Amino acid sequence: MPLIDSISDIVAKLRQGRFPNEQSISQGIVLRLLQELGWDTWDTNLVWPEFQTGEGRVDFALCYPASKPIIFIEVKQPGRASDGVVQALQYAFHTGVPFVVLTDGKTWSFYLPAEQGSYEDRRVYKLDFFEREPSEAAAILESYLNRLRVESGEAIEIARKEYRSRNRRAQARAAFPEAWRELAEKGDETLIELLSNTVESKAGVRPEEDDVISFIGTLISSSVPIQPVIGKTKVQPSAFSPSIPESHTSMSSGSTRAGNLLLQGKSYSYANAKEAMVIVLRELAKKDPTFLQRCSQHPNNRGRKRAYIARTPEELYPDRQDFHELHKSLPGGWIVATNLNNVLKKSIIRMAAEVAGLSFGRDVSVDF
């Protein structure tokens, strides 16, 4: 199967939560892609699993010549791709390995451990399968991990040139508008919290969360058209028309609005957004006992510090014991947080549709 097709298939399974741990990511994603990139994954002298360094172990060492590591690959739990970067880079530096890859299957970070600066500065590139077209992702993986390029030294040289490129700062600047729009439209928890805290310090009164989201929505509607970002599809100016976008309408509608949801051809009435979210999760969980487990492993199930679907209230509200009662029970001992804005509730419904292999807006639709 061509690399692009493999990436497309992997992305679809990632969105459904089919890779819940490091072992499944290693076997179902990393080894599969390495095979497509020209590596003989059956030859453990070339693709060495559980490679022991003088200080610890790395998940895979790509070797050239045989048994001599040239790239270390560390595999992490879903959503934990950045964990262990310091350790991995230290292992590589002391072993003389010039290139390190950290991945959770969805994101792939490529590092040059011997370069100058902080550990974060030594990252050459971060690839997110959800943010790139499969053809773009394939081209990036080919640049850094194609076996022939690695063996010839071309892959490492590409990484070094990109690291030193004067365009790196410009590329980051070009992504600012789209990154802002994405944070604002998703009702990012950190963004809402920062704005709420600042308003409270200025006015002495903490704003209602719906008012904060409504204000952010007005900023979205007044934004200038986003210019193309290098390597990404241009966002059409029509998405920034003066009228308030649909996402803003749903954000400012409040949590008490009743409505109807459609789930696989069946209609359910709900009293508020919370009830709609719970109905979708419960109904889909009834049909598949693995559904909520897979939801819990989905990258969109986590905010900056907490999960939305979990086993315990502590996972939902790690810093707020007073919020521990703010959840609803789901089948199989799972619970879902309810102290969420409507944007996050709709995001969880959208995530649930992906995990179940359904189309949001067609198989699953809500009107809040």
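Everything that follows concerns the structure shown earlier in this document.
The paragraphs below set out a description of the structure included in this document. (Residues numbered from 1 in each chain as written. Predicted model: local features only at pLDDT ≥ 70, side-chain atom pairs only at ≥ 80, totals over all residues. Heavy atoms only, no water.)

1. Overview of the environment of Trp39
The condition is simple: Per the convention used, a helix needs a DSSP run of H or I reaching at least four residues, while a strand needs a run of E reaching at least two, with both numbered from the N terminus. Only protein chains enter the calculation, and the probe is 1.4 Å; a residue is then buried if its accessible area is under 20% of its type maximum, exposed if over 50%, and partly exposed in between. Note on definitions: a residue-residue contact is assigned when non-hydrogen atoms from the two residues lie within 4.5 Å. Under this definition, polar contacts are N or O atom pairs within 3.5 Å; protein pairs additionally need one hydrogen-donor-capable and one acceptor-capable atom, and for neighbouring residues in sequence, both atoms have to be side-chain atoms.
One can find Trp39 in the loop between α2 (22-36) and β1 (47-52). Overall, the relative accessible area of 1% leaves Trp39 in the buried class. Here the alpha-carbon distance between Trp39 and Arg147, two residues 108 residues apart in the chain, equals 5.8 Å. Sequence-distant contacts of Trp39, defined by excluding residues within four places in its chain, comprise Leu34, Leu46, Val47, Leu62, Cys63, Leu145, Asn146, Arg147 and Val150. At 2.8 Å, the side chain of Trp39 forms a polar contact with the backbone oxygen of Leu145.

2. Re a nonpolar patch on the surface
Selection rule: A patch is a set of surface residues, each over 30% in relative accessible area and not in a salt bridge, joined within 9 Å for like charges and within 5 Å for the nonpolar side chains Val, Leu, Ile, Met, Phe, Trp and Tyr. With residues, only the protein chains shown are counted as cover, and all accessible areas are computed by Shrake-Rupley using a 1.4 Å probe. By convention in these notes, a salt bridge is any Lys or Arg side-chain nitrogen within 4 Å of a carboxyl oxygen on Asp or Glu.
A cluster of nonpolar residues, Trp180, Phe215 and Leu219, forms a patch on the protein surface that exposes about 250 Å² of accessible area. Position of Trp180 relative to the elements: it lies in helix α8 (residues 176-186). On the accessibility criterion, Trp180 (31% relative accessible area) is partly exposed.

3. Looking at the layout of surface pockets
What counts, and what does not: Think of a 1 Å grid over just the protein atoms. A cavity is a set of points where a 1.4 Å probe fits yet cannot get out, a pocket is an open set with protein on both sides within 12 Å along at least five of seven lines, and lining residues have an atom within 4 Å of a point. Grid points are joined across faces, edges and corners, and a volume is the space filled by probe spheres set on the points.
In this structure, the second largest pocket encloses a volume near 920 Å³. Taken together, 26 residues make up the lining of the second largest pocket; nearest its centre are Glu189, Glu193, Glu209, Arg306 and Asn339. Going through the elements one at a time, α9 (189-203), α10 (209-221) and α15 (342-355) are the ones with two or more residues in the lining of the second largest pocket. If you tally residues by element for the lining of the second largest pocket, the top one is α9, at 5 residues.

4. A word on the sheet that holds strand β12 (residues 364-365)
As a reminder of what qualifies: Strand pairing is assigned whenever DSSP detects at least two bridges linking the two strands. To obtain each axis, a line is fitted to C-alpha atoms, and for helices this fit is confined to the stretch in contact; angles are then taken between N-to-C directions over 0 to 180 degrees.
Spatial strand order, β8-β7-β12: 3 strands in an open sheet with antiparallel pairing. In the strand order of this sheet, the two ends are held by β8 (266-270) and β12, each with one partner. Examined bridge by bridge, strand β7 (residues 259-263) and β12 share 2 bridges and lie antiparallel to one another. Looking across to β12, one finds that Leu263 is bridged to Val364. Its contacts with the sheet put helix α12 (residues 273-287) on β7, β8 and β12, and the angle it makes with β8 is roughly 145°.

5. Considerations on the packing of aromatic side chains
Stated formally: Two rings belonging to Phe, Tyr or Trp (six-membered ring only in the last case) form a pair when the distance between their centres is within 6.5 Å. Interplanar angles under 30 degrees mark stacking, angles over 60 mark edge-to-face geometry, and anything in between is tilted. Geometrically, a charge over a ring is one whose NZ (Lys) or CZ (Arg) sits within 6 Å of the ring centre while staying within 35 degrees of the ring normal.
Taken as a whole and assessed by the stated rule, the structure comprises 7 aromatic pairs. Note on Phe99 and Tyr144: the rings are 5.8 Å apart at their centroids and 45° apart in plane angle, and the pair reads as tilted. Here Phe99, found in strand β4 (residues 99-103), pairs with Tyr144, found in helix α4 (residues 134-145); they are 45 residues apart in sequence, far enough to count as distant. For Tyr144, a relative accessible area of 2% translates into the label buried. Aromatic pair Trp108 and Phe129: ring centres 6.0 Å apart, planes at 35°, arrangement tilted. In this pair, Trp108 sits in strand β5 (residues 107-111) while Phe129 sits in the loop between β6 (123-128) and α4, placing the two residues 21 residues apart along the sequence. Overall, the relative accessible area of 2% leaves Trp108 in the buried class. Here Arg311 stacks its cationic end above the ring of Trp334, 3.9 Å away from the centre of that ring. The residue whose ring lies beneath Arg320 is Phe323, and the NZ or CZ to ring-centre distance is 4.0 Å.

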